[in-house]
Amino acid sequence: RPDGDPGTADAAALRAWLARDVLEVAPQLLGGLVTTTLPDGVVTVRLTEVEAYAGEDDPGSHAFRGRSLRNAVMFGPAGHLYVYRHMGLHHCANVVTGTDGRAAAVLLRAGEVVEGHDVARARRLRRGVVRTDLDLARGPARLADALGLHLDLYGVDLTDPSGPVRLVPGEAPADVRTGPRVGVGGEGGDAHRYPWRFWLPGDPHVSVYRAAPAPGSRARRR
C-alpha cells in the first residue's frame, strides 16, 4: 500500500501505486474503500469483487480497438474514474491504472456499503427493488448506483482527498480467488487466458457469476 499507510497516503503516492500493471493492482484493490461525497450525502463501499481490463492487449476491453471519446480516460494517467453506460441503462465504474498512454482499468464489480446505508438505499430504490442490504452494491450497476456514480463524474481524480470520489486501498487480502470475467463473450471471455475477475472468497457481497453471452450475441467489452 502507498507509503505503508493507505489512510494517509498523499495523492502522488496513491497515483504511483495505481500506475502499475492492472493485474497487480486489481486484486490489491479488494478490501479497499471508495467514498463519494455528493449533495445528497456520503457513502462508502468496501470492495469485494473487481475485474481487470488491459486495454489494447485485451479483446474484452473497451479500449481494444484504440482511443475514442468514450474510453479516453482509460489511457491515463492512473487514478482517474472511468464511468460508462452499459446498454444505455446502467452506469458502471472503473479505476484507471497502469502507465500513462496505455489503456487499463479495473471494473468495480461489487462491494459492501459500510457508511451511508440510508443514502445508498434511497439511491438504489430510485433505480429498482432492494431486497436486502446485501444487494445494495452487489453487482457493478448496483455499486455505481449506491455510490451515486454517473457520467458527470467521468474522469474525476480518485487520488484527490477533497474530491467527490475518493479511493483508499486497504490491507492486502489474505485470500483472493480468480476466475473468468462476467458476461464477456468471444476471445476476451476465455477463462484460461483471461481469469481476470478477482473476489474475496466467502464474502456474501460478491456478485453472482453469470456466464458469457451465447455465441452470436454481442460481446460485452470494458
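Residues numbered from 1 in each chain as written. Predicted model: local features only at pLDDT ≥ 70, side-chain atom pairs only at ≥ 80, totals over all residues. Heavy atoms only, no water.

To continue, consider the overall build of the chain. Within the chain, the secondary structure is distributed over four helices and eight strands. Taking 222 residues into account, the globule formula puts the C-alpha radius of gyration at 17 Å, and the chain, at 16 Å, falls close to it. Expressed along its principal axes, the backbone C-alpha trace of the chain runs to roughly 45 × 40 × 35 Å. The 222 residues of the chain split such that 52% are buried. Residue pairs at least 24 apart in sequence account for 65% of intrachain contacts in the chain once pairs closer than 6 positions are excluded. When the accessible surface of the chain is split by element, carbon and sulfur atoms take 54% of a total near 9,800 Å². The average position of the 28 basic charges and that of the 26 acidic charges among the side chains of the chain differ by 8 Å. (Helix = DSSP H or I, 4+ residues; strand = E, 2+ residues; numbered from the N terminus. Rg over C-alpha atoms; globule rule 2.2 N^0.38 Å. Buried < 20%, exposed > 50% of the residue type's maximum accessible area, 1.4 Å probe, protein only. Contact = heavy atoms within 4.5 Å. Areas by Shrake-Rupley, 256 points an atom, 1.4 Å probe, with all protein chains shown as cover. Lys, Arg positive; Asp, Glu negative; His and termini not counted. Charge placed at Lys NZ, Arg CZ, Asp CG, Glu CD.)

Glancing now at the confidence of the model for the chain. Low-confidence regions, as indicated by low pLDDT, have predicted coordinates that should not be scrutinised in detail. For the chain, the mean per-residue pLDDT works out to 90, and 91% of the residues sit at or above 70. In the predicted structure, residues 4-8 sits below a pLDDT of 50 and forms five contacts with residues beyond four places in sequence or in another chain. Note that residues 217-221 has pLDDT below 50 and, in this model, 17 contacts with residues that lie over four places away or in other chains. (pLDDT = per-residue confidence, 0-100.)

Below, the discussion takes up helix α1 (residues 11-18). Within α1, burial applies to Ala13, Leu14, Trp17 and Leu18. The buried residues of α1 occupy one face: seen down the axis, they fall within an arc of 135°. Against α2 (22-28), β4 (90-96) and β6 (165-168) lie the buried residues of α1. (Arc of directions from axis to C-beta.)

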